[in-house]
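So you can see what is in the structure, the chains are spelled out below.
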Amino acid sequence: DTAVSQTPKYLVTQMGNDKSIKCEQNLGHDTMYWYKQDSKKFLKIMFSYNNKELIINETVPNRFSPKSPDKAHLNLHINSLELGDSAVYFCASSQVAGEKLFFGSGTQLSVL
Amino acid sequence: AQSVTQPDIHITVSEGASLELRCNYSYGATPYLFWYVQSPGQGLQLLLKYFSGDTLVQGIKGFEAEFKRSQSSFNLRKPSVHWSDAAEYFCAVGARGYQKVTFGTGTKLQVIP
């Protein structure tokens, strides 16, 4: 039973399209995150939520909008996709903020 | 602001040889320190963490790390590397109750037979 699952695993789309990535955790954690990993493997936090409340928005363009319908889910919607959005997006969760992160297996987004 | 430096982008070791991956951090208060491993096409998995107490911490897969406050370092070690250890290794710094965990740029480990 996967602890943090995200879908889809691969996403190939055209510039200007809108797409969503879904994330679910079954660990009972209160805190969830979105991280972006670029082509050089640099991992940067985008958003964090605690019990459905946005805590961190790390200077991410407005085209990115996270949504947390409940504390087990954190989805990421991206409007007007650009070439520079191509990356691997990881969802993660933790029991306590700042402690061990549990990662999903990532969504590889390719914008053509 | 917190930051993490991993000075080695790529390291190659022979199977059975010892390994040390370097990590230096910058953080004003007492940090939480982590090492994560990422295999190709996978998410990150925690190897070990340091919160407080004994400065030598043991992790999974035979890894250990030593926290040295005076050097702001948290280097990862393994006495004998296996081919399955080939992966990307990330050092990270955080703090309890603080949402932001900051990652280093990673060190890619290659293991040769």
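Shown above is the structure to which this text applies.
Each value, and the rule that gives it
- Residues numbered from 1 in each chain as written.
- Chains lettered and ligands numbered in written order.
- Predicted model: local features only at pLDDT ≥ 70, side-chain atom pairs only at ≥ 80, totals over all residues.
- Heavy atoms only, no water.
- Helix = DSSP H or I, 4+ residues; strand = E, 2+ residues; numbered from the N terminus.
- Buried < 20%, exposed > 50% of the residue type's maximum accessible area, 1.4 Å probe, protein only.
- Contact = heavy atoms within 4.5 Å.
- Areas by Shrake-Rupley, 256 points an atom, 1.4 Å probe, with all protein chains shown as cover.
- Lys, Arg positive; Asp, Glu negative; His and termini not counted.
- Charge placed at Lys NZ, Arg CZ, Asp CG, Glu CD.
- Salt bridge = Lys/Arg side-chain N within 4 Å of Asp/Glu carboxyl O.
- Pairing = 2+ DSSP bridges.
- Axes fitted to C-alpha atoms, helices over the stretch in contact; angles between N-to-C directions.

Turning to the overall build of chain B, a few remarks are in order. Of the regular secondary structure elements, chain B holds 0 helices and 12 strands. Along its sequence from the N terminus, chain B presents helices and strands in the succession β-β-β-β-β-β-β-β-β-β-β-β. Along the first, second and third principal axes, the C-alpha atoms of chain B reach 40 × 30 × 20 Å. Within chain B, buried positions represent 48% of all 113 residues. Partitioning the contacts of chain B with sequence separation of at least 6, the portion at a separation of at least 24 is 54%. Here chain B displays about 5300 Å² of accessible surface, and carbon together with sulfur accounts for 49% of that area. Looking at charge distribution, chain B has the averaged site of its 10 positive side-chain charges lying 8 Å from that of its 8 negative ones.

Applying the stated rule across the entire model yields 8 salt bridges over all chains. Of the charged contacts, one joins E82 of chain A and R63 of chain A as a salt bridge, the two residues approaching to 3.4 Å between their closest N and O atoms. Remark: R63 of chain A occurs in the loop between β6 (53-57) and β7 (64-70) and E82 of chain A occurs in the loop between β8 (73-78) and β9 (87-94); sequence separation between them is 19 residues. Between D8 of chain B and R22 of chain B there is a salt bridge, with the nearest N and O atoms lying 2.8 Å from each other. With a gap of 14 residues between them, D8 of chain B in the loop between β1 (3-5) and β2 (10-14) and R22 of chain B in the loop between β3 (19-21) and β4 (24-26) connect regions that are remote in the sequence.

Moving on: the sheet that holds strand β3 (residues 19-25) of chain A. Residues and elements named next belong to chain A. Strands sit in the order β1-β3-β8-β7 across an open sheet of 4 strands; the sheet is antiparallel. Strands at the two margins of the open sheet, each flanked by one partner only, are β1 (4-7) and β7. Strand-to-strand, the axes of this sheet are offset by a mean angle of 15 degrees, without reference to chain direction. Bridge count for β7 against β8 is 5 bridges, and the pairing is antiparallel. Bridge pairing in β8 places K67 opposite N75.

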